[in-house]
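Each chain, letter by letter, is given below.
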Amino acid sequence: MREGEEKAEAAPHLIRPSEDSAREHRLAPGQGPMTPAQAIAVQRTAGNAAVSRMVGESRGAEPKIPWAAPGTRSKRTQDESGVERGDSPPHQQQRTEKDQQATRTTRSGRAGASVKGKEKAEAPEEIGNPTLQFTSHYDGPDQQSLAGNQEIGFAQVATLRRANGMTTPAEDAYDFWQEVTDENRQIAPDAVNYRPKKSKRPWAVDGPFRPPYNTDDGNIVSAADHISFDDSPGFSGNMRMTNGYWLSSYEVRFRWKVRRKLGGRFTKAEPFWTSDEMVHRVESAFDPQNPEASAPITATAAGNRTWNVDLPN
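Since the model is a prediction, treat every value here as computed from it, not as a measurement. (Residues numbered from 1 in each chain as written. Predicted model: local features only at pLDDT ≥ 70, side-chain atom pairs only at ≥ 80, totals over all residues. Heavy atoms only, no water.)

K.L.:
Help me understand the pattern of salt bridges in this model?
P.N.:
Within the structure shown, the criterion is met by eleven salt bridges. We note a salt bridge from Lys261 to Asp175, for which the minimum N-O separation is 3.1 Å. Residue Lys261 is found in the loop between strand 9 (246-260) and strand 10 (273-274), and its partner Asp175 is found in strand 4 (residues 174-187); the two are separated by 86 residues along the sequence. A residue is classified by how much of its surface remains accessible, and Lys261, at 33% relative accessible area, is partly exposed. Put simply, Glu179 and Arg255 hold a salt bridge, and the shortest N to O gap is 2.7 Å. Of this pair, Glu179 sits in strand 4 while Arg255 sits in strand 9, and the two are 76 residues apart along the sequence. (Salt bridge = Lys/Arg side-chain N within 4 Å of Asp/Glu carboxyl O. Helix = DSSP H or I, 4+ residues; strand = E, 2+ residues; numbered from the N terminus. Buried < 20%, exposed > 50% of the residue type's maximum accessible area, 1.4 Å probe, protein only.)

K.L.:
Whenever I open this one, the packing of aromatic side chains confuses me. Can you help?
P.N.:
To describe a pair of aromatic rings, one takes the distance between the centres and the angle between the planes. This structure, assessed with the given rule, holds 13 aromatic pairs. For the ring pair Phe134 and Trp256, a centre distance of 4.9 Å and an interplane angle of 45° mean the geometry is tilted. Of this pair, Phe134 sits in strand 1 (residues 131-138) while Trp256 sits in strand 9, placing them 122 residues apart in sequence. Trp256 carries the same exposure label as Phe134, and that label is buried. Geometrically, the ring pair formed by Trp256 and Trp307 is tilted, given 6.0 Å between the ring centres and 45° between the ring planes. With Trp256 in strand 9 and Trp307 in strand 14 (residues 305-308), the pair connects residues that are 51 residues apart, well separated along the chain. Exposure remark for Trp307: the relative accessible area of 6% places this residue in the buried category. Through successive ring pairs, a cluster of aromatic residues spans Phe134, Phe254, Trp256, Trp273 and Trp307. A cation over an aromatic ring shows up here: Arg255 above the ring of Trp203, its NZ or CZ 3.9 Å from the ring centre. (Phe/Tyr/Trp six-rings, centres within 6.5 Å; stacked < 30°, edge-to-face > 60°. Lys NZ or Arg CZ within 6 Å of the ring centre and 35° of its normal.)

K.L.:
I would appreciate a short explanation of the nonpolar core in the present structure.
P.N.:
The nonpolar side chains of soluble globular proteins are, as a tendency, buried together. Leu132, Tyr174, Phe176, Phe229, Trp256 and Val258 are the most contacted members of the largest nonpolar core, which totals 34 residues. Only strand 1, strand 3 (152-161), helix 7 (170-173), strand 4, strand 7 (226-231), strand 9 and strand 11 (278-283) provide two or more residues apiece to this core. If you look at the next biggest cluster of nonpolar residues, it comprises five residues, including Leu146, Ile187, Trp246 and Phe286. (Core = buried A, V, L, I, M, F, W, Y, C linked by side-chain atoms within 4.5 Å.)

K.L.:
Can you walk me through the side chain of Glu179 in this structure?
P.N.:
Residue Glu179 is classed as buried on the basis of its relative accessible area of 5%. In this structure the side chain of Glu179 is engaged in a polar contact, spanning 3.3 Å, whose partner is the side chain of Trp177. Within the local environment of Glu179, its side chain forms a polar contact with the side chain of Arg255, the two groups lying 2.7 Å apart. Those residues in contact with Glu179 that lie beyond four places of it in its chain are Trp203, Ala204, Val205, Asp206, Arg253, Phe254, Arg255, Lys257 and Lys268. (Polar contact = N/O pair within 3.5 Å; in protein donor to acceptor, adjacent residues only side chain to side chain. Contact = heavy atoms within 4.5 Å.)

K.L.:
It is not clear to me how unusual backbone geometry should be interpreted in this structure. Could you clarify?
P.N.:
Peptide bonds are mostly trans, and most non-glycine residues show a negative phi. For the bond from Pro211 to Pro212, the omega torsion is -10°, close enough to zero to count as cis. With respect to the element layout, Pro212 can be found in the loop between strand 5 (197-205) and strand 6 (220-222). Cis peptide bonds are those with omega within 30 degrees of zero, and the linkage from Glu270 to Pro271 qualifies with 5°. Residue position: Pro271 is located in the loop between strand 9 and strand 10. Residue Asn193 is not a glycine yet carries a positive backbone phi of 55°. Relative accessible area serves as the criterion here: at 65%, Asn193 is assigned to the exposed category. Of note, the phi angle at Tyr194 is positive, near 55°, even though the residue is not glycine.

Below is the structure:
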């Protein structure tokens, strides 16, 4: 039900002003704008709606100014605008809303008195320094062959635990993300004289391992006291080394960044804490004189590490 209909049913005893009473106060052509006294007189007898209509008539052919012109605002990236979702509504409106929440009418009827006692909002919990724990190991075969299907990779888990004594959920207290860079040398089926081809990628945020956390596939766990990234870097699954391919060498580096949660859309903005780099390596020598022979795989996992995160201010 619309607001107007609700008011009409809730107060049937009210008498609506007639159109005749409104017309009595309309301006004749050429009389000019309505004075404040005229507006008050019309308002008392004909109501606000009639005043609005007559003010519109007295303004003549002035153009209407809409609140917003749909489709005219150009889209900008977040970096260009410098505004995150957390800034909406604007700060001024946020302060006004907070002031309204902090002042309520007391039992004596005085409005604007500060809320005291149990109704006073508690100060937000201090966000302390978390702990980051990393574990890893090699997860692949000991031998490699050109005609085989090998899954050569590693298994690792990075877990950020909130500070002791905190009650704020870890996901609400911290932004936690993973970055990665890697390079490898591979022999492909179309290689000339079994010459390996090298590829390298620069540092980048690693796929899903960043806020907002997608926990559907089980690679990310977001619990009250911790956030865990369960990753399998390397050549496994649909990226495994298949018939005709040979992995001569592989190196992958990881690092993690943590900051107090800024709110809104995730960005890589400072300030943040950065971990040391953790490195996995694989090597396997190929013999072009005996391409059908298998060769051992030498793998070195990054190992395990624990950091006491020192968050910047």
